[in-house]
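Here is how the chains run, residue by residue.
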Amino acid sequence: MENPKDTIIRIKEAMGESLSILGHHYQSDEVIAFTDVRGDSLELARKINDLKAKHIVFCGVFFMAESAAILCRPDQKIHIPDTSATCPMADMAEGKRVRQVLDILQKNGRKIVPLTYVNSSAAVKAVVGEYGGSVCTSANAQTMLSWAIKQGDGVLFLPDKHLARNSANALGIPEEERILLPVDVIEGDPELYVTPSMTDDKQFIIWPGYCPIHEEFSLDTIEAIRAAEPEARIVVHPECDPALVHASDGNGSTTYLIKYAAEAPQGATIYIGTEVNLVNRLADQYKGEKTIKPLIASQCDDMAKITVEKLAHTLDNLETATPVTVSDSIKEPAKLALERMLKVCS
Ligand code: 13P
Ligand code: SF4
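Residues numbered from 1 in each chain as written. Chains lettered and ligands numbered in written order. Predicted model: local features only at pLDDT ≥ 70, side-chain atom pairs only at ≥ 80, totals over all residues. Heavy atoms only, no water.

Undergrad: Residues and numbers for the environment of D301, please.
TA: Among the secondary structure elements, D301 is positioned in the loop between β13 (291–294) and α13 (308–316). Residues D301 and L180, 121 residues apart in the sequence, show an inter-C-alpha distance of 28 Å. (Helix = DSSP H or I, 4+ residues; strand = E, 2+ residues; numbered from the N terminus.)

Undergrad: How would you summarise the pairing of β13 if you had to cite specific residues and measurements?
TA: Here 4 bridges tie strand β12 (residues 269–273) to β13, and the two strands are oriented parallel to one another. Bridging across to β13, I272 finds its partner in P294. Handedness of the β12-helix α12 (residues 276–285)-β13 crossover: right-handed. (Pairing = 2+ DSSP bridges. Right-handed = clockwise from strand over helix to strand, strands pointing away.)

Undergrad: An account of the packing of aromatic side chains is requested, with residue identities and associated values reported.
TA: The geometry of two aromatic rings is summed up by the distance between their centres and the angle between their planes. With the rule as written, the count across this model stands at 2 aromatic pairs. With a centroid separation of 6.1 Å and 40° between ring planes, the pair formed by Y256 and Y260 is classed as tilted. You can see Y256 and its partner Y260 sitting in helix α11 (residues 254–263), 4 residues apart, about one turn around the helix. Given the relative accessible area of 29%, Y256 is considered partly exposed. Between the NZ or CZ atom of K290 and the centre of the ring of Y286, over which it lies, the distance is 4.6 Å. (Phe/Tyr/Trp six-rings, centres within 6.5 Å; stacked < 30°, edge-to-face > 60°. Buried < 20%, exposed > 50% of the residue type's maximum accessible area, 1.4 Å probe, protein only. Lys NZ or Arg CZ within 6 Å of the ring centre and 35° of its normal.)

Undergrad: Tell me about the site of ligand 1, and name the residues and values.
TA: Around ligand 1, the neighbouring residues are H24, Y26, D40, S41, Y117, N119, S138, H214, H237, E239, S253 and T254. N119 has a polar side-chain atom sitting 3.1 Å from an oxygen atom of ligand 1. The contact in question runs from an oxygen atom of ligand 1 to an N or O atom on the side chain of S138, over 2.7 Å. When ligand 1 is considered free in solution it has 300 Å² of accessible area, and contact with the protein chains removes 96% of it. (Near = heavy atom within 4 Å. Polar contact = N/O pair within 3.5 Å; in protein donor to acceptor, adjacent residues only side chain to side chain. Areas by Shrake-Rupley, 256 points an atom, 1.4 Å probe, with all protein chains shown as cover.)

Undergrad: Describe the environment of F63, naming the residues involved and giving the relevant values.
TA: With respect to the helices, strands and loops of the structure, F63 is situated in helix α4 (residues 62–71). On the basis of relative accessibility, which here comes to 4%, the residue F63 falls in the buried class. For the pair formed by F63 and E229, sequence separation is 166 residues and the distance between their alpha carbons is 38 Å. Filtering out sequence-adjacent residues up to four positions away, F63 remains in contact with C87, A90, V118, N119, S120 and K125. (Contact = heavy atoms within 4.5 Å.)

Undergrad: Break down unusual backbone geometry for me, with residues and values.
TA: A cis amide bond, omega -15°, links L158 with the succeeding residue P159. Topologically, P159 is positioned in the loop between β7 (154–158) and α8 (161–171).

Undergrad: Lay out the pairing of strand β5 (residues 112–117) in plain terms, naming residues and giving numbers.
TA: Counting buried positions along β5 gives 6 out of 6 residues, so the element sits mostly inside the fold. With burial as the criterion, each face of β5 is covered, one bearing I112, P114 and T116 and the other bearing V113, L115 and Y117. Pairing of β5 with β7 involves 5 bridges; the strand directions are parallel. By the bridge assignment for β7, L115 is matched with F157. Relative to strand β6 (residues 134–136), β5 is paired through 3 bridges, and the arrangement is parallel. The residue of β6 that forms the bridge with Y117 is C136. In the classification by handedness, the crossover that spans β5, the intervening helix α6 (residues 122–130) and the parallel β6 is right-handed.

Undergrad: Describe in detail the state of the cysteines, supporting the description with residues and values.
TA: Scanning the entire structure with this criterion turns up 0 disulfides. There is no disulfide at C136, and the cysteine sulfur nearest it, in C345, is 9.0 Å away. The class for C136 is buried, based on a relative accessible area of 0%. (Disulfide = S-S within 2.5 Å.)

In structure tokens:
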């Protein structure tokens, strides 16, 4: 039987420009080695339309492939090597519940504009598009929040409570203008928890989702590093709790973290609070020049579901495989939400 790496090399060579393999920065080194395009969520979403390829294989989690399927041209097909690679944070907001909450919040005539982090299902993006809202990524959350504030009387930010609060802090939205929704992210009837009057005087309404991988980092770790290595720099992803963001030297998307490592002076020690595959790759890349370490080794098990074996299998079955699709009734409003973001951040 052919070695999976040889299968990938053979099919890539044979298909040339008609195939493009995209990979998120959290993919393993083994998978990343075969990608044609790497990026953060915003960069990958932007690239889809300009790719010549007819077959696009997305090495990342499902919402990324789904966004690609919404934004791609009709002649393109999107594949993901494992459809069970979902994002637990994205699963913390369900389209139906988001609609229910928006309906409750708008009962008193206030226009609440939803802004969803790209880590959300197509169904959520569709609801957001329908209610006049848009999408953001960790790279443009502040820009998109400023945009959303201007569109109505208040903003519902979902699903990530930490990115929400970090963006609000950066824009100076006062605490008294904010409310963290007391809605269970998965279970229960929102009518039991949420009332329109609850948010009457609030400009910024926050859905209580979070990323379990970034939740692993703690302030204690940062304080211990500060005490032991005062010269060390610490940067984190904005999916981390605001207390960690406040205690760090910088925060931003995966692309920001990569740039930070690249631009740090020779000899610097940098602790990075994000998914460990990316941090280890940077550590290897700058070995002997700079010391790069994870705050702690926190791995995204869903990103890790994409393996070289599954990539090889996907490539071997491209013509017969079922591509990632989104039904028209969801695709159109979800596309509207995504395109609003791409327009604002063009
Ligand atoms: P980026 O858009 O910064 O790459 O982040 C995506 C993600 O899932 C982080 O957990
Ligand atoms: Fe989702 Fe967190 Fe994994 Fe990113 S790292 S894909 S937010 S679970």
